[in-house]
Amino acid sequence: MRLLHTGTELTPGPVHPADALSQVTVIIVTFNSAHCLPALMTSLEKFAYIIVVDNGSDDGGADLTPQYLPQARVLALPSNLGFGAANNRALAQVQTPFALLLNPDCEITPEAVQQLLHTAAQWPDAAMVAPQLKQPNGQAEVNYRWSHLLWSSLGPAITDGPACVGFVCGAAMLLRMSAFGGQFFDERFFLYYEDDDLCTRLFNQRRAMVIDPSATAIHRSRGSVRGKS
């Protein structure tokens, strides 16, 4: 089963892969992340819609981005507003039905994104679909769980098919734009826990979040920033 571009969202049917990717705007927040640009260029060369928000870097990344991602729109912020606030600036400009939030230290293939879109079409109530994150050595990360406010986890377990979860790591998540009503990250969270907060709000609203382990992304954890901090 493939995906059909209907003008709004994806539904089952035949479609060219490039048409599926045109449903997605990739959003990357950078802060002293120029060293990540070569890998992002290779990973995202087939994506037409990319927004890079540079959070006041001093490594020249904002100026270098067009060299590696010529199709990207660059929002160069004068100072570091934080992860959630920077994502919000980009999300306010998204015109596609889906937005893929991707950390600079993550690498994802077009095929993996197409699989996420396929899963989103299968589960139209899902506000968010996420890939299985893997370390560069191939070991799976547990980038999803249920809320700690409700019960304690029994330990890591990797699902073997699409499954509803209570939290998805913000390093890579596909958002269905229509599910959010223009309300995304709480900007009182500067860095860390903004994804916990977003997922908790979705959970409390009974909006589904789905992990699809058949779609994977490489996560070079804590590799986004080079510098003193």
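First things first, this report covers the structure right here in the doc. Everything numeric here is computed off the predicted structure, so don't read it as measured data. (Residues numbered from 1 in each chain as written. Predicted model: local features only at pLDDT ≥ 70, side-chain atom pairs only at ≥ 80, totals over all residues. Heavy atoms only, no water.)

A closer look at the pattern of salt bridges
- Counting across every chain of the model gives 5 salt bridges.
- We note a salt bridge from arginine 220 to glutamate 107, for which the minimum N-O separation is 2.7 Å. Of this pair, arginine 220 sits in the segment after β13 (208–219) while glutamate 107 sits in strand β7 (residues 106–108), and the two are 113 residues apart along the sequence.
- When its relative accessible area of 39% is taken as the criterion, arginine 220 is described as partly exposed.
- A relative accessible area of 22% places glutamate 107 in the partly exposed class. (Salt bridge = Lys/Arg side-chain N within 4 Å of Asp/Glu carboxyl O. Helix = DSSP H or I, 4+ residues; strand = E, 2+ residues; numbered from the N terminus. Buried < 20%, exposed > 50% of the residue type's maximum accessible area, 1.4 Å probe, protein only.)

A few points about the side chain of aspartate 197
- Positionally, aspartate 197 belongs in helix α6 (residues 194–204).
- Accessibility expressed as a relative area gives 19% for aspartate 197, which makes it buried.
- Sequence-distant contacts of aspartate 197, defined by excluding residues within four places in its chain, comprise Asp186 and Phe189. (Contact = heavy atoms within 4.5 Å.)

Considering the nonpolar core
- Leu44 and Met128 are the most contacted members of the largest nonpolar core, which has 68 residues in total.
- Ranked by residues supplied to this core, first place goes to strand β8 (residues 126–134) with 6 residues.
- Apart from residues lying up to four places away in sequence, methionine 128 is in contact with Val168, Met173, Leu174, Leu175, Phe180, Leu198, Cys199, Leu202, Ala208, Met209 and Val210. (Core = buried A, V, L, I, M, F, W, Y, C linked by side-chain atoms within 4.5 Å.)

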